[in-house]
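# Chains, contacts and geometry: an overview
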Amino acid sequence: MKVDRFRIATYNLQKCVGLDMRRRPDRSLSVIAALDADLVVLQEVDKRLPPRPAALPHDMAEQDGWHILPFGAPGGSLGWHGNAMLARPGVTVRNTSHLELPGLEPRGAIMAELDTAIGPVRVVGLHLGLVRRYRLMQLATIQRRLRRMAPMPTILAGDFNEWGSAAALAAAVDDKQFAPTPPSYPAPRPVARLDRIATCDALVAAATGTHRTKPAHIASDHLPVWADLERAPR
């Protein structure tokens with residue numbers, strides 16, 4: 001019996017600058033394509049200084065068959081606070097929004113409600129701060145927003161910037177579970193699970209992985225991680 005699955009991946013592009021210090025959006029896109037994901041949540045997709053032009057150009061992503069969710073501006077940023085989402089055909093966008101996050105440095109989260117092979121899902125893309133105190137405040141802000149929204153199976157995906165155990169993160173999102181994704185940082189020899197995917201009880205991760213095939217080892221200082229999600233048995 002065939003079980004419907006939805007593959008989600010998260011990838012910190014480091015502005016498409018690889019460990020060889022070359023800005024190669026074509027190389028970044030080759031890594032993204034190899035993930036074979038339905039939805040890819042991205043961080044650091046834009047250059048740092050205003051007007052924050054896209055480090056990963058719109059036209060290149062679209063030529064590769066991706067639908068860019070509308071968080072940025074055509075001709076300008078691909079995302080919001082550096083966060084973006086790319087979807088394959090078959091994923092339909094119901095709604096998108098974004099959320100300012102507290103902290104010493106500017107941070108934000110993006111949110112999309114989607115129709116997928118496993119039904120409707122809400123995906124939150126994030127890139128949390130470097131200080132744990134602010135990471136937990138940022139997760140609390142996201143949780144408050146989610147509790148005010150209509151129920152929908154929910155996924156958090158992104159760069160959580162947590163080097164150690166996920167216990168503090170898990171306590172902050174106590175209605176969700178972190179998928180057992182492998183370490184993703186640093187790319188040449190990953191030891192830290194900075195990039196993570198968390199789901200609510202309505203979803204289960206049937207498989208997870210870190211994409212290590214060349215040129216992922218040099219395209220960014222992070223490796224992409226992915227999870228194949230299914231609806232939980234009732």
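The text that follows walks through the structure, step by step, so that each part is easy to find. (Residues numbered from 1 in each chain as written. Predicted model: local features only at pLDDT ≥ 70, side-chain atom pairs only at ≥ 80, totals over all residues. Heavy atoms only, no water.)

As a further point, take the overall build of the protein chain. What the protein chain contains, in helices and strands, is 5 helices and 12 strands. Taking 234 residues into account, the globule formula puts the C-alpha radius of gyration at 17 Å, and the protein chain, at 16 Å, falls close to it. Relative to its 234 residues, the protein chain shows a buried fraction of 54%. Of all intrachain contacts in the protein chain linking residues separated by at least 6 positions in sequence, the fraction that spans at least 24 positions is 68%. If you sum the accessible surface of the protein chain, you get close to 10400 Å²; carbon and sulfur atoms cover 54% of it. Charged side chains of the protein chain number 30 positive and 23 negative; the gap between the two group centres comes to 4 Å. (Helix = DSSP H or I, 4+ residues; strand = E, 2+ residues; numbered from the N terminus. Rg over C-alpha atoms; globule rule 2.2 N^0.38 Å. Buried < 20%, exposed > 50% of the residue type's maximum accessible area, 1.4 Å probe, protein only. Contact = heavy atoms within 4.5 Å. Areas by Shrake-Rupley, 256 points an atom, 1.4 Å probe, with all protein chains shown as cover. Lys, Arg positive; Asp, Glu negative; His and termini not counted. Charge placed at Lys NZ, Arg CZ, Asp CG, Glu CD.)

Taken in spatial order, the 6 strands line up as β5-β6-β7-β8-β10-β9 in an open sheet, and their pairing is mixed. In the strand order of this sheet, the two ends are held by β5 (92-101) and β9 (176-178), each with one partner. Strand-to-strand twist of the sheet, defined as the mean angle between neighbouring strand axes without regard to direction, takes the value 20°. The sheet contact formed by β5 and strand β6 (residues 107-116) spans 9 bridges and is antiparallel. Across the sheet, residue Ser97 finds its bridge partner in β6, namely Met111. (Pairing = 2+ DSSP bridges. Axes fitted to C-alpha atoms, helices over the stretch in contact; angles between N-to-C directions.)

All right, on to the sheet that holds strand β11 (residues 203-210) then. The strand order β3-β4-β2-β1-β12-β11 describes an open sheet built from 6 strands, whose pairing is mixed. If you trace the sheet from one side to the other, it starts and ends with β3 (67-68) and β11, each paired once. As paired elements, β3 and strand β4 (residues 84-87) share 2 bridges and run antiparallel to each other. Pairing of Ile68 across the sheet is with Leu86, part of β4.

Under the defined criterion, the tally for this structure stands at 11 salt bridges. Two residues, Asp115 and Arg94, come together in a salt bridge whose shortest N-O distance is 2.9 Å. On the criterion of sequence distance, the pair formed by Asp115 in strand β6 and Arg94 in strand β5 is long-range, its members being 21 residues apart. When its relative accessible area of 27% is taken as the criterion, Asp115 is described as partly exposed. Connected via shared salt-bridge partners are Arg132, Arg135 and Glu162. (Salt bridge = Lys/Arg side-chain N within 4 Å of Asp/Glu carboxyl O.)

On to the environment of Ala202, then. Its location among the elements puts Ala202 in the loop between β10 (195-200) and β11. Here the alpha-carbon distance between Ala202 and Arg234, two residues 32 residues apart in the chain, equals 8.6 Å. Sequence-distant contacts of Ala202, that is, excluding residues within four places in its chain, are made with Pro153, Glu230, Arg231 and Ala232.

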